[in-house]
Amino acid sequence: MGVESRRRWPDPATVAVARRSGRGRRRGGRNIAAPPQRRRGRAAARKGRRRRGARGQWGAGGCARAVRAVGSGRRERVRREATGDMFRCRMAAAVAGGLVCALRPLSPAPRGRAAAGNLLQRWNVPVKLQMSRQVASSGVPGGKGDSSVFVLIVGLSTLGAGAYVYKTLRENKERFTSRVTTVTKRSQENESSPSDTDAASQGTAAPGARPEVPSHVPFLLIGGGTAAFAAARSIRARDPGARVLIVSEDPALPYMRPPLSKELWFSDDPNVTETLRFKQWNGKERSIYFQPPSFYVPVRDLPFVENGGVAVLCGKKVVHMDVRGNIVKLSDGTQISYDKCLIATGGTPRNLSAIERAGKDVQQRLTLFRKIEDFKCLEKISREVKSVTIIGGGFLGSELACALGRRAQTRGLEVIQLFPESGNMGKVLPEYLSNWTTEKVRKEGVNVMPNAVVKSVSVCGNRLMIKLKDGRKVETDHIVAAVGLEPNVELAKSAGLEVDSDFGGFRVNAELQARSNIWVAGDAACFYDIKLGRRRVEHHDHAVVSGRLAGENMTGAAKPYWHQSMFWSDLGPNVGYEAIGLVDSSLPTVGVFAKATAKDTPKSATEQSGTGIRSESETEAEASEVHVSPSFSPTPQVPKQGEDYGKGVIFYLRDKVVVGIVLWNIFNRMPIARKIIKDGEEHDDLNEVAKLFNIHED
């Protein structure tokens, strides 16, 4: 009643007008034309009539009252529906207002007309009216407002984000699962009992609790040759705690190959095949192995040693490589995951097609010289047979011919060397020097047969019969094929790596990378030379330098390969040469020679450097500056036919630029030769350039 009493009612004239016009009956559910007392009385009368009609008081008047009751009930339902609609509208307004208030901190500050809504708060307008104002004023006239549009935008955005997340997770499901599996296995391996932890901290092994081959290694090196060992040593130098695993198909620990065709054959030790120790040209003795067995860590202990180390898994071959999953599979089915990998698989000696067609009887009397077992086998055979034939006139064939020829003079062994070129090392040396080398090999007791192409090989009685295309026949007891090397690229198919169609081997970039976490070094790497173009080199020095650089880059060095590798060959202790760059007899050459002295021999060179592996003292050395000797020296001259080629320099030219150099019986001058090739300049008079090597120095 307090509320009713405070309301102001219209004057009687206004009430009368409203009654006559009929507009005063009901407005907002109330009759404004009647005072409150009369309205309460009429409501009580209507309520009593409804009660009497419900009790069955029918008749003429009762029927009229019933009709009026029905009409009043209908009006009541309309009133209730209107009241419900008003309630729902107010609730919607309240919810919308709450949503707007919640999102207001996320929206930018209102400007212009949008700031007018804040005036309601300043004027202390009730909260419900503020919400209604915000909702009603934000929509298009006659529309449903921005709330539905806002909900639609939020819903579509959420749906799009969900679809994107689902697509991303679906595409990376396989890699994610693989990574989780790898991490889980690694964590399980690292978990050990307290006793195992104590043993690992003390550097001792618990063989019973550890697998023979670890399932994961940080650095995996495929191949057990010179390049792999150089990479392992480089990795450990930059990361002293690194754990490196070398997987080698060879049953022996990493060793150097050059002595197999050189110094080992000149040893006086009858047990040289067992000890594999030899005397260098300077008289010092050393082993063919890079390091003794104590240098390496047992394979099963590699994940547990405190300061890491290098382990070698011998007699195992990697047959499959999963680049995406960083997993390799061995020949026995073992799988090893890695973080970074080096491929240094080297190569396999080539064979002649005529020998391959000959059958098993000929194959049993054939040696493809490459490994320690090949040296042991050939050394034994040379003591038992009467004749050995070497097919090939390159570096390896000529070295083996001289080595066996020295033995032939004391044991009566017949040594035959045949090749298709016109002289020894005819693909490398110019013709005049190749012919001189051939005569030198013959003086060592070798029957050299140039211009000989093998047509067929067969077994005739107890001997082998070699038929040449020119009709000549050669009888022998054993054959040694030294006709080149085929790079091992079997992993390219499973790993999806590119193989060079011209030179063979895995194609790598300037940092010796084939993929983001895969490097290649040694004979199997086809790299880009910044001066000479794309190349593939099969020499000891290249294996050392490329392996070392790959190891540095595997630990984050990111250094390019610019080194000009060198190689050397010795035809006994008195004749040898070193070469660098492109040395191809098909290129134009200029040779400058002088008379040799007692110091100009491989033996003297090793005495000065202190090592039999001359590239170990050369490495990446380069002359920073090249100066002509201030002392006067006569101009070197090219020797005439029949003169002795004691010592000299042979320049190989391409477009009037020096691209290759051979130092004949000149040693410890390779940094100068490397600098000349790196400069890439044209020289009008190469006699002046030859003075840089001091070939007249006593």
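Along each chain, residues carry numbers from 1 onward, in the same order as the chain's sequence is written. In keeping with the predicted nature of the model, local features appear solely for residues at pLDDT of at least 70, side-chain atom pairs appear and are counted solely at 80 or more, and the whole-chain, interface and lining totals rest on all residues. Hydrogens are left out, water is left out, and the side-chain values use all remaining heavy atoms of the structure.

1. Some points on the packing of helix 10 (residues 226–238) against helix 18 (residues 540–554)
We count it as follows: Geometry is summarised by axes, namely lines fitted to C-alpha atoms with helices restricted to the contacting stretch, and by angles between N-to-C directions that run from 0 to 180 degrees. A helix here means a DSSP run of H or I that spans at least four residues, while a strand means a run of E at least two residues long, and both kinds are numbered starting from the N terminus. Definitions for this section: a left-handed crossing has its near helix turned counterclockwise from the far helix by less than a right angle. A right-handed crossing has that turn clockwise. Whether two residues touch is decided by their heavy atoms; if any such pair falls within 4.5 Å, the residues are in contact. When residues are grouped by polarity, Ala, Val, Leu, Ile, Met, Phe, Trp, Tyr, Cys and Pro land in nonpolar, Asp, Glu, Lys and Arg in charged, and all others, Gly among them, in polar.
In the contact formed by helix 10 and helix 18, the axes pass within 7 Å of each other and the chain directions differ by 35°. With respect to the hand of their crossing, helix 10 and helix 18 are arranged in right-handed fashion. In this structure, helix 10 uses Thr226, Ala227, Ala230, Ala231, Ser234, Ile235 and Arg238 to contact helix 18, whose residues at the interface are His540, Ala543, Val544, Gly547, Arg548, Gly551, Glu552 and Met554. Grouping the amino acids of the contact of helix 10 with helix 18 by side-chain chemistry returns seven nonpolar, five polar and three charged.

2. Focus on the side chain of Asp529
Applied cut-off: Remark: exposure states derive from per-residue accessible area (1.4 Å probe, protein chains only) relative to the maximum for the residue type, with buried under 20%, exposed over 50%, and partly exposed in between. Any N or O atom pair separated by 3.5 Å or less is treated as a polar contact, with the protein-specific requirement of one donor-capable and one acceptor-capable atom, and with residues adjacent in sequence counted only for side-chain atom pairs.
Along the chain, the position of Asp529 falls in strand 22 (residues 525–529). Asp529 gets classed as buried once you look at its relative accessible area, which sits at 3%. Looking at Asp529, its side chain comes within polar contact range of the side chain of Gln564, at 2.9 Å. Look past the residues within four positions of Asp529 in its chain and what remains in contact with it is Arg534, Arg535 and Gln564.

3. A look at the pairing of strand 6 (residues 318–322)
Regular strands have side chains that alternate between both faces of the sheet. Put simply, the rule is: DSSP-based pairing: two strands are paired if at least 2 bridges between them are found.
Note: strand 6 against strand 7 (residues 327–330), four bridges, orientation antiparallel. Bridge pairing in strand 7 links Asp322 to Ile327. Hairpin remark: strand 6 followed by strand 7, antiparallel, with four residues in the connecting loop; positive phi at Asn326, about 55°.

4. Considering the confidence of the model for the protein
As a reminder, the rule being used: Predictor confidence is given residue by residue as pLDDT, running from a minimum of 0 to a maximum of 100.
Averaged over all residues, the pLDDT of the protein is 77; the fraction at 70 or higher stands at 65%. The element-level mean pLDDT for the protein is lowest in helix 9 (residues 194–201), coming to 39, with strand 2 (residues 243–248) highest at 98. Confidence drops under pLDDT 50 across residues 54–71; counting only partners more than four residues distant or on other chains, this segment forms nine contacts. Taken as a whole, residues 615–638 scores under 50 in pLDDT and shows 55 contacts with residues more than four places along the chain or in a different chain.

5. Thoughts on the pattern of salt bridges
The cut-off we apply is this: Every case where a carboxyl oxygen of Asp or Glu lies within 4 Å of a side-chain nitrogen of Lys or Arg is listed as a salt bridge.
Under the counting rule described, the total for this entry stands at 21 salt bridges. The shortest N-O distance in the salt bridge between Asp332 and Lys316 comes to 3.1 Å. Separated by 16 residues along the polypeptide, Asp332 in the loop between strand 7 and strand 8 (335–343) and Lys316 in the loop between strand 5 (309–314) and strand 6 bring together distant segments of the chain. Salt-bridge contacts for Arg536 lead to Glu538; the nearest nitrogen and oxygen are separated by 2.8 Å.

6. Brief notes about the nonpolar core
So the rule is basically this: To form a nonpolar core, buried Ala, Val, Leu, Ile, Met, Phe, Trp, Tyr and Cys residues must be joined to one another through side-chain atoms within 4.5 Å.
If you look at the biggest cluster of nonpolar residues, it comprises 108 residues, and the most contacted ones within it are Leu220, Leu221, Ile222, Leu245, Met321, Leu342 and Trp664. Filtering out sequence-adjacent residues up to four positions away, Leu220 remains in contact with Leu245, Val247, Val328, Tyr338, Lys340, Cys341 and Leu342. Ranked by size, the runner-up nonpolar core spans 23 residues in total, among them Val658, Leu663, Ile676 and Ala690.

7. Here's the deal with the packing of aromatic side chains
Each aromatic ring pair is characterised by the separation of its centres together with the angle its planes make. Stated precisely, the cut-off is as follows: Paired rings are identified among Phe, Tyr and Trp, the last through its six-membered ring, by centres lying within 6.5 Å, and are further divided according to the angle between planes into stacked (under 30 degrees), edge-to-face (over 60) and tilted (the rest). Geometrically, a lysine NZ or arginine CZ counts as sitting over a ring once it is within 6 Å of the ring centre and also within 35 degrees of the ring normal.
By the definition in use, this model includes eleven aromatic pairs. Ring centres of Phe229 and Phe295 lie 6.2 Å apart, and the angle between their planes is 55°; on these two criteria the pair is classed as tilted. With Phe229 in helix 10 and Phe295 in the loop between strand 4 (285–287) and strand 5, this pair connects stretches of sequence that are 66 residues apart. The structure contains a cluster of three or more aromatic residues connected by ring pairs, namely Phe395, Trp436, Phe567, Tyr577 and Trp664. The ring of Phe304 has Arg210 lying over it, and the distance from NZ or CZ to the ring centre is 4.1 Å.

8. Topic: the packing of helix 14 (residues 372–384) against helix 15 (residues 395–411)
For the record, the criterion: Roughly parallel means an angle under 35 degrees; roughly antiparallel, over 145; roughly perpendicular, 65 to 115; everything else is oblique.
At a closest axis distance of 11 Å, the pairing of helix 14 and helix 15 adopts a crossing angle of 25°. Between helix 14 and helix 15, the angle is such that the two are roughly parallel. Remark: the crossing between helix 14 and helix 15 carries right-handed chirality. Residue-level inspection shows Glu379, Ser382 and Arg383 of helix 14 in contact with helix 15, the latter providing Leu404, Arg407 and Arg411. Taken together, the residues of the contact of helix 14 with helix 15 break down into one nonpolar, one polar and four charged.

9. Re a positive patch on the surface
Selection criterion: Two joining distances apply to patches: 9 Å for like charges and 5 Å for nonpolar side chains (Val, Leu, Ile, Met, Phe, Trp, Tyr), and every residue must have over 30% relative accessible area and no salt bridge. Note that accessible areas follow from Shrake-Rupley with a 1.4 Å probe, and for residues the cover is restricted to the protein chains shown. Counted charges follow a simple rule, with Lys and Arg positive, Asp and Glu negative, and His plus the chain ends left uncounted. To locate a charge, take atom NZ for lysine, CZ for arginine, CG for aspartate or CD for glutamate.
Taken together, Lys455, Lys467, Lys469 and Lys473 make up a surface patch of like positive charges. You can see Lys455 is positioned in strand 14 (residues 454–460).

10. Remarks on unusual backbone geometry
In this structure, Asn451 takes a positive phi of about 55° despite not being glycine. Within the secondary structure, Asn451 is located in the loop between strand 13 (447–449) and strand 14. Residue class for Asn451 comes out partly exposed when judged on its relative accessible area of 48%. The phi torsion at Asn668 lies on the positive side, around 60°, for a residue other than glycine.

11. Here's the deal with the sheet that holds strand 15 (residues 463–468)
Strands sit in the order 14-15-16 across an open sheet of three strands; the sheet is antiparallel. In this open sheet, the two strands that pair with only one neighbour each are strand 14 and strand 16 (473–476). When the angles between neighbouring strand axes are averaged without regard to direction, this sheet yields 20°. As judged from the four bridges shared by strand 15 and strand 16, these two strands associate in the antiparallel manner. Opposite Ile466, over in strand 16, you have Val474 as the bridge partner.

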